[in-house]
Amino acid sequence: MTASFSGEEQGRAFGVWSGASAGVAVLGPMLGGLLVDALSWRAVFLINVPLVLVALWLTRRYVGEGRAAAPSGSLDLPGTVLTALALAGLSVGAISGQQRGWSNPSAFVALSIGMVATALLPWWMLRTPDPLVPPALFRSRNFTVTNLSTLVIYAALAVTFYYLTLFLQGTLGYSAAAAGVATMPGVLLLALFSSRLGALSARYGARWLLTLGPILMAVGVLWLSRIPSTSPAWDLSAAAQTFTPPSGYVTSVLPGLLLFGLGATLMVAPLTATVMASVPVERAGVASAVNTAISDVGPQLAVAVLFVAMTQNFYGALARDAPGLDVASAAVRKEVAPLNVPGPGVAEEVRLTAREASTGAFRLAMVVAAFLLLAGAVINGAGLRLPSGAPVVRVASADPMWRRCRHVAPERRGEQRRGES
């Protein structure tokens with residue numbers, strides 16, 4: 001998209017792309033929940049098959065080829081291996097260590113491998129002629145700032161929806177379909193309005209959007225942290241007598257998701273457009289890959305590390321409020337786990353205590369997510385340096401189908417194409 005569009009039209013294209021992704025995400029959790037309830041959790045993986053086939057056909061039929069003018073060099077195999085070892089070692093080590101009570105040396109081995117690989121990766125990138133991630137990209141201030149904010153913002157996004165879904169189902173008793181429908185408002189606004197926000201960011205600048213968006217998302221997450229442990233369940237299924245959500249959802253969950261969705265609508269498309277505008281067009285492929293990888297790295301590490309803290313918080317509260325329960329026992333931890341329904345043999349008093357402890361652990365996750373979002377807002381607001389007072393740039397792409405679809409007419413460029421100066 002970076003090579004095919006310019007100016008305001010490029011921002012609009014990124015907005016359409018973000019909106020289309022969010023539109024599918026609106027349907028995914030609901031459809032997945034119905035499949036889980038009606039068939040099996042294994043059935044959700046079959047959704048990918050027709051989607052991939054359609055994507056392959058569309059790509060072959062409509063997407064033009066784009067190549068760099070100069071050869072890209074050889075594949076950086078050592079850099080690829082170091083990256084994989086860094087991510088896998090840190091994530092697997094943190095999760096397995098908590099699951100096994102840090103009694104198994106394999107967790108420390110995995111963490112050590114991850115830390116060593118993480119330390120070696122920058123050293124390797126600086127000495128190899130064709131690094132997997134060219135260090136020269138980070139000489140661009142905006143590229144560095146937006147990737148740093150991507151790291152913390154997408155970590156917060158993953159923490160929010162990952163633990164919110166677990167909390168709704170495992171603690172409050174929502175069905176899988178209900179949990180999928182419940183989170184739809186959070187992405188519905190993104191699906192509807194992303195294309196307009198992408199164009200506005202290209203016309204007026206993205207800095208204020210990238211600052212205000214995460215702030216609104218943080219306010220929404222803090223609202224979600226107020227969900228009480230007594231909030232009623234929602235049993236949405238094909239056999240349900242009513243599809244109306246409970247009052248607790250309307251007052252405790254929906255407002256937070258709407259605020260979160262509004263903030264994400266302001267932030268997602270401008271963030272992508274700013275990242276791609278910060279590098280030359282010939283570097284668009286690797287810049288996009290770096291940003292995508294960072295948006296995956298942040299969630300993996302945040303969810304893994306926060307799982308450790310939440311587990312400690314959960315069992316600490318359980319030990320305090322249920323003094324006779326041996327929370328260090330493997331048998332107890334198997335039956336009573338954070339954000340999960342207790343086993344069938346657990347006493348009712350322990351069930352209620354576990355529900356309160358899970359609510360406390362969930363609140364901890366939401367507070368951490370809000371902090372990360374506010375950090376992203378500060379990073380964007382203080383770090384970005386975007387040109388001001390530039391004339392509006394509205395350049396039509398070479399694709400006539402796009403012009404007919406978006407009703408964008410060609411105008412004289414207000415500035416030179418990147419790379420021609």
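Owing to the predicted nature of the structure, the values given are computational and were not obtained by experimental measurement.

**Q** Looking at this structure, how should I read the overall build of the protein?
**A** Along the backbone of the protein there are 13 helices and 1 strand. Within the span of the protein, comprising 421 residues, buried residues form 44% of the whole. In the protein, of all internal contacts separated by at least 6 residues, the share reaching a separation of at least 24 is 78%. A total accessible area of about 21,800 Å² is found for the protein, and carbon and sulfur atoms account for 66% of it.

**Q** What exactly am I supposed to notice about the nonpolar core here?
**A** Most often, soluble globular proteins keep nonpolar side chains buried together rather than apart. In terms of nonpolar packing, the biggest core is built from 58 residues, with V159, Y163, Y174, I227, V253, F314 and L373 touching the most fellow members. Looking at which element gives the most residues to this core, the answer is helix α5 (residues 141-171), with 12 residues. Residues in contact with I227, not counting those within four places in the same chain, are L164, F167, L172, S252, V253, T359, F362 and R363. Counting residues in each nonpolar core, the second largest holds 11 residues, with L137, V275, M276 and I294 among its members.

**Q** Quick question: what am I supposed to make of the pattern of salt bridges here?
**A** Note on pairing: side chains with opposite charge can pair once their charged atoms come close. Inspection of the entire model under this criterion finds 1 salt bridge. We note a salt bridge from R320 to D321, for which the minimum N-O separation is 3.2 Å.

**Q** It is not clear to me how the confidence of the model for the protein should be interpreted in this structure. Could you clarify?
**A** Low-confidence regions, as indicated by low pLDDT, have predicted coordinates that should not be scrutinised in detail. Looking at the protein as a whole, its pLDDT mean stands at 81, while 83% of the residues score no less than 70. Contacts of residues 389-398 to residues separated by more than four positions or lying in other chains number 30 contacts, the stretch itself having pLDDT below 50. Per-residue pLDDT stays below 50 along residues 400-421; that stretch engages in 40 contacts with residues further than four places along the chain or on separate chains.

**Q** I'm lost on the packing of helix α8 (residues 207-224) against helix α12 (residues 348-383) in this one. Help?
**A** Packed helices, taken two at a time, are described by the angle between their axes plus the distance between the axes. Where α8 meets α12, the axes come as close as 8 Å, and the angle between the chain directions of the two elements is 170 degrees. By the angle between their directions, the pair α8 and α12 is classed as roughly antiparallel. Two secondary-structure elements touch here, α8 through R207, L210, T211, P214, I215, M217, A218, V221, L222 and L224 and α12 through F362, M366, A369, A370, L373, L374, A377, N380, G381 and A382. Its residues placed into classes, the contact of α8 with α12 shows 16 nonpolar, 3 polar and 1 charged.

**Q** What exactly am I supposed to notice about the packing of aromatic side chains here?
**A** Aromatic ring pairs are reported here in terms of the distance separating the ring centres and the angle at which the planes meet. Across all of its chains, the model carries 10 aromatic pairs by this definition. With 6.1 Å between their ring centres and 80 degrees between their planes, Y174 and W234 make a pair best called edge-to-face. With a gap of 60 residues between them, Y174 in the loop between α5 and α6 (176-182) and W234 in the loop between α8 and α9 (247-277) connect regions that are remote in the sequence. Each member of the pair Y174 and W234 is classed as buried. Arranged with centres 5.6 Å apart and planes meeting at 45 degrees, the rings of W234 and Y249 form a pair that is tilted. Taken as a pair, W234 in the loop between α8 and α9 and Y249 in helix α9 lie far apart in primary sequence, 15 residues in all. Look at Y249 and you get buried, because its relative accessible area is 5%. The ring of W223 carries the charged tip of R226 above its face, separated from the ring centre by 4.6 Å. The side chain of R333 reaches across the aromatic face of Y315, ending 4.0 Å from its centre.

**Q** Before we go on, may I ask you to explain a nonpolar patch on the surface in this structure?
**A** A cluster of nonpolar side chains, contributed by L75, L77, V81, L85, V109 and I113, occupies part of the molecular surface with about 550 Å² of accessible area. With respect to the helices, strands and loops of the structure, I113 is situated in helix α4 (residues 105-127). The exposure class of I113 is partly exposed, given its relative accessible area of 41%.

**Q** Mind showing me how you'd approach the packing of α5 against α12 here?
**A** At their nearest, the axes of α5 and α12 sit 9 Å apart, and the two run at 165 degrees to each other. Here α12 runs roughly antiparallel to α5, going by the angle between their axes. In the packing of α5 onto α12, the handedness of the crossing is left-handed. Broken down by class, the residue content of the contact of α5 with α12 amounts to 18 nonpolar, 9 polar and 2 charged.

**Q** Teacher, can you tell me more about the side chain of S175 here?
**A** Among the structural elements, S175 can be located in the loop between α5 and α6. Judged by its relative accessible area of 11%, S175 is buried.

**Q** Would you take a moment to explain α8 for this structure?
**A** Structural remark: α-helix, 3.6 residues per turn; residues separated by three or four positions point the same way. Its 18 residues give α8 an end-to-end C-alpha distance of 26 Å, which sits within 8% of 26 Å, the value for a rise of 1.5 Å per residue. Among all positions of α8, only L209, L210, G213, P214, L216, M217, A218, G220, V221 and L224 are buried.

**Q** Help me understand the side chain of T146 in this model?
**A** Inspection of the secondary structure puts T146 in helix α5. On the basis of relative accessibility, which here comes to 0%, the residue T146 falls in the buried class. Polar side-chain contacts of T146 include one of 3.2 Å to the backbone oxygen of F143.

**Q** Is there a simple way to think about α5 in this case?
**A** Along its 31 residues, α5 runs 44 Å from first to last C-alpha, staying within 8% of the 45 Å computed at 1.5 Å per residue. Following α5 by one or two positions, G173 adopts a phi angle in the positive range, close to 90 degrees.

**Q** Looking at this structure, I do not really get the environment of A322. What am I missing?
**A** Looking at where A322 falls in the secondary structure, it is placed in the loop between α10 (284-321) and α11 (330-335). As a C-alpha pair, A322 and E349 span 27 residues in sequence and 8.5 Å in three-dimensional space.

About the thresholds
Residues numbered from 1 in each chain as written. Predicted model: local features only at pLDDT ≥ 70, side-chain atom pairs only at ≥ 80, totals over all residues. Heavy atoms only, no water. Helix = DSSP H or I, 4+ residues; strand = E, 2+ residues; numbered from the N terminus. Buried < 20%, exposed > 50% of the residue type's maximum accessible area, 1.4 Å probe, protein only. Contact = heavy atoms within 4.5 Å. Areas by Shrake-Rupley, 256 points an atom, 1.4 Å probe, with all protein chains shown as cover. Core = buried A, V, L, I, M, F, W, Y, C linked by side-chain atoms within 4.5 Å. Salt bridge = Lys/Arg side-chain N within 4 Å of Asp/Glu carboxyl O. pLDDT = per-residue confidence, 0-100. Axes fitted to C-alpha atoms, helices over the stretch in contact; angles between N-to-C directions. Parallel < 35°, antiparallel > 145°, perpendicular 65-115°, else oblique. Nonpolar A, V, L, I, M, F, W, Y, C, P; charged D, E, K, R; others polar. Phe/Tyr/Trp six-rings, centres within 6.5 Å; stacked < 30°, edge-to-face > 60°. Lys NZ or Arg CZ within 6 Å of the ring centre and 35° of its normal. Patch = residues over 30% accessible without salt bridge, like charges linked within 9 Å, V, L, I, M, F, W, Y side chains within 5 Å. Left-handed = near helix turned anticlockwise from the far one by under 90°. Expected span 1.5 Å × (residues − 1). Polar contact = N/O pair within 3.5 Å; in protein donor to acceptor, adjacent residues only side chain to side chain.

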